[in-house]
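# Results of the structural survey
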Amino acid sequence: MPKSKPHPSKSPRSRSRDRGDPPRRAQGHTPSGEWIFGAHAVEAALSNPKRNLRRLVSAGPAKPRISEIAAKRGIAIDTVSKSELDQLLPAESVHQGVAVLSEPLPDIAIEEFLDDLSDPTCLVVVLDQATDPRNVGAVLRSAAAFGASAVVLPERRASGTTGILAKAASGALERVPLIHVVNLARTLDLLKDSGFWSIGLDGGSDTDLRRIESPARCVVVLGSEGEGLRRLTREKCDYLARIAISDAVESLNLSNAAAVALYELARRRPDSR
């Protein structure tokens, strides 16, 4: 690791719906919270003491593990038909017969995250204009798998914390902080001031990610699949690097690129096994 940073590279239970009400297709979000669905996502939400849960719904008998956790938290399970559950959730939701209505998790400010950070080795993911909740959820899952401490994305032009995102994250939303920031460039500066080095993934870079020394505190920055990193975001990165792939494909999608980069950097961390 050089002594000084290089210049940025250019290159409680609720009553069921009245049976006489006409069915309506929900959008996943209600004034009282957000529906989280899918067995892993619901189990993780039930296990998270930071979650303020309003209603747990199951199409038929709930799975034993979900029943066990709900009982410990004193949450009743509202049994409904599959069609009733379908009407509560967004179209084509793969809910696996279970969903929970939850208030949003408490917001975490990037400054609060950095103030509480004591580990000298840390991996953070920054997403620039990632708008697909499935992609963001998949990135969160990889972040949890490879020991990342947070995923950061802008408040605007980014995916919201939806049930679809939580389903794709398969429980990781409860384990890895998802931090929304107003200004991504300023956030990268704050991270640098806290000892982080930032690596922007850029398919056009001449530098292979494998050739960059992995710093103890590292930020992996990924752009949108279509446009990549925005100019100012690129300029805030200490390095720009590409993931070496064969000529059989033009590029990797966002979540796959994140998984490969996180694996490559995580395996070289001092505390890796």
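For the structure, check the block above.
The structure contained in this document is the topic of the report that follows. (Residues numbered from 1 in each chain as written. Predicted model: local features only at pLDDT ≥ 70, side-chain atom pairs only at ≥ 80, totals over all residues. Heavy atoms only, no water.)

## As for the pattern of salt bridges
Inspection of the entire model under this criterion finds 15 salt bridges. A salt bridge links R65 to E43; its shortest N-O distance comes to 3.5 Å. Of this pair, R65 sits in helix α2 (residues 64–73) while E43 sits in helix α1 (residues 39–47); the two residues are 22 residues apart in sequence, bridging distant segments of the chain. Its relative accessible area of 40% is what places R65 among the partly exposed residues. Put simply, E111 and R186 hold a salt bridge, and the shortest N to O gap is 3.2 Å. Residue E111 is located in helix α4 (residues 110–115), and its partner R186 is located in helix α7 (residues 184–193); the two are separated by 75 residues in the primary sequence. (Salt bridge = Lys/Arg side-chain N within 4 Å of Asp/Glu carboxyl O. Helix = DSSP H or I, 4+ residues; strand = E, 2+ residues; numbered from the N terminus. Buried < 20%, exposed > 50% of the residue type's maximum accessible area, 1.4 Å probe, protein only.)

## Here's the deal with helix α9 (residues 254–266)
Helix length check: α9, at 13 residues, gives a terminal C-alpha distance of 18 Å against a target of 18 Å (1.5 Å per residue), a fit within 8%. For α9, the complete set of buried residues consists of L254, S255, A257, A258, A261, L262, E264, L265 and A266. Close packing links the buried residues of α9 with β6 (122–127), α5 (133–145), β9 (197–201) and β10 (217–222). (Expected span 1.5 Å × (residues − 1). Contact = heavy atoms within 4.5 Å.)

## Focus on the packing of aromatic side chains
Taken as a whole and assessed by the stated rule, the structure comprises two aromatic pairs. Look at F146 and Y263: their rings are 5.9 Å apart centre to centre, the planes differ by 65 degrees, and that puts the pair in the edge-to-face class. Of this pair, F146 sits in the loop between α5 and β7 (150–154) while Y263 sits in helix α9; the two residues are 117 residues apart in sequence, bridging distant segments of the chain. Since its relative accessible area comes to 27%, F146 is described here as partly exposed. Here Y263 falls in the partly exposed class, since its relative accessible area comes to 46%. Ring centres of W197 and Y239 lie 6.2 Å apart, and the angle between their planes is 25 degrees; on these two criteria the pair is classed as stacked. Here Y239 lies in strand β11 (residues 239–241) and W197 lies in strand β9, a separation of 42 residues in the sequence. (Phe/Tyr/Trp six-rings, centres within 6.5 Å; stacked < 30°, edge-to-face > 60°.)

## Examining α7
Spacing of three or four residues puts side chains on the same side of an α-helix, whose turn is 3.6 residues. Of all the positions in α7, only L184, A185, T187, L188, L191 and K192 are classed as buried. Take α7 and look down its axis: the buried residues cluster within an arc of 160 degrees, on one side only. Two or three places before A185, at the start of α7, stands the capping residue N183, its side-chain oxygen 3.0 Å from that residue's backbone nitrogen. (Arc of directions from axis to C-beta. Polar contact = N/O pair within 3.5 Å; in protein donor to acceptor, adjacent residues only side chain to side chain.)

## A closer look at the sheet that holds strand β8 (residues 178–181)
Within the open sheet, the six strands sit side by side as β8-β7-β6-β10-β9-β11. Their pairing is parallel. In this open sheet, the two edge strands, each paired with only one partner strand, are β8 and β11. Mean inter-strand twist for the sheet, computed between neighbouring axes without regard to direction, equals 25 degrees. By the bridge criterion, four bridges tie β7 to β8 in an arrangement that is parallel. The residue of β8 that forms the bridge with V152 is I179. Running at roughly 170 degrees to β6, α7 makes contact with β6, β7, β8, β9 and β10 of the sheet. Taken strand by strand, α9 contacts β6, β9 and β10, and its axis lies near 160 degrees from that of β10. (Pairing = 2+ DSSP bridges. Axes fitted to C-alpha atoms, helices over the stretch in contact; angles between N-to-C directions.)

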